[in-house]
Amino acid sequence: MLQHIEDALGYSFVDKDLLAVALTHSSYANEHGGGAEHNERLEFLGDAVLELCVSSELFNRFSDVREGDLTRMRAKIVSQPFLSGLAQECGLDTALLLGKGEESQGGRERPSLLSDAFEALLGAVYLDGGFDAVTTVVRTVFDGKWPVQKQGGPSKDCKSLLQEVTQRRFKERPVYALVGSSGPEHAKVFTVRVTLPDNREFISDGPSLKRAEQIVACLALEHILPEEELPFPDDVTEDA
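Residues numbered from 1 in each chain as written. Predicted model: local features only at pLDDT ≥ 70, side-chain atom pairs only at ≥ 80, totals over all residues. Heavy atoms only, no water.

Draft legend 1. Examining the pattern of salt bridges more closely. Taken as a whole and assessed by the stated rule, the structure comprises 15 salt bridges. The residue glutamate 57 makes a salt bridge to arginine 61 at a minimum N-O spacing of 2.9 Å. Residue glutamate 57 and its partner arginine 61 are located together in helix H4 (residues 40-61), separated by four residues, close to a single helical turn. Here arginine 61 falls in the partly exposed class, since its relative accessible area comes to 42%. Among the ionic pairs, lysine 76 bridges to glutamate 222, the shortest N-O distance being 3.6 Å. (Salt bridge = Lys/Arg side-chain N within 4 Å of Asp/Glu carboxyl O. Helix = DSSP H or I, 4+ residues; strand = E, 2+ residues; numbered from the N terminus. Buried < 20%, exposed > 50% of the residue type's maximum accessible area, 1.4 Å probe, protein only.)

Draft legend 2. Broad picture of the nonpolar core. Judged by nonpolar contacts, the single largest core of 45 residues is most densely connected at Leu9, Phe13, Leu92, Phe118 and Phe142. When contributions to this core are tallied by element, the ones reaching two or more residues are helix H1 (3-9), helix H2 (16-22), H4, helix H5 (67-77), helix H6 (80-89), helix H7 (92-95), helix H9 (111-129) and helix H10 (131-141). Per-element tally for this core: the top contributor is H9, with nine residues. Other than its neighbours up to four places away in sequence, phenylalanine 13 contacts Glu6, Leu18, Leu19, Leu121, Ala124, Val125 and Asp128. With 19 residues, the next largest nonpolar core counts Phe202, Ala212, Leu219 and Leu221 among its residues. (Core = buried A, V, L, I, M, F, W, Y, C linked by side-chain atoms within 4.5 Å. Contact = heavy atoms within 4.5 Å.)

This is the structure:
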């Protein structure tokens, strides 16, 4: 029944129950009672596994790219719109087990639900086959979708360019908000959300508030500008 999922991943589960849990939304588990398992714990694990796999792949692919651009690349690849698209390509939208309420509200087309399910699936692969297995799956599913390094291009920082773009298109500026921070004082990670005038939102992290704002601005630009107009600075600056 779920062979098409395994075919899309290029991976066959030893423990098929893990695959089933990865595809079970909490709404379905709640409706069926009896302590049925759902995919939220696997999503938690898969989120961390995905970030490590993507970070490692980018690090190896782009040996001469600095940390700021690597972070921007990763932010796009692990973003909700990108992952929900991958989930649809793998057939998760049709394979998910949803509760009746979630189903009636269009859950199968909800990007947040699909991206969470994709992360849960990777968490299941990790538990079933280990890190080497999930690394191979990520390479398979992401084949042809990794960013291509560009030389030259405009040097303007992402935050300034995003402001120009939104003012030109919407006559308004983007709005940045600090979502939270984590980690010890000497190594804090800041999470920032940018909201565009058309209400699209993007979230990303950075080692400082200004750096996080730059990174999330780059992520937003990835989704609203043609590829040839994107800035590709040597690093994401903090002075804008």
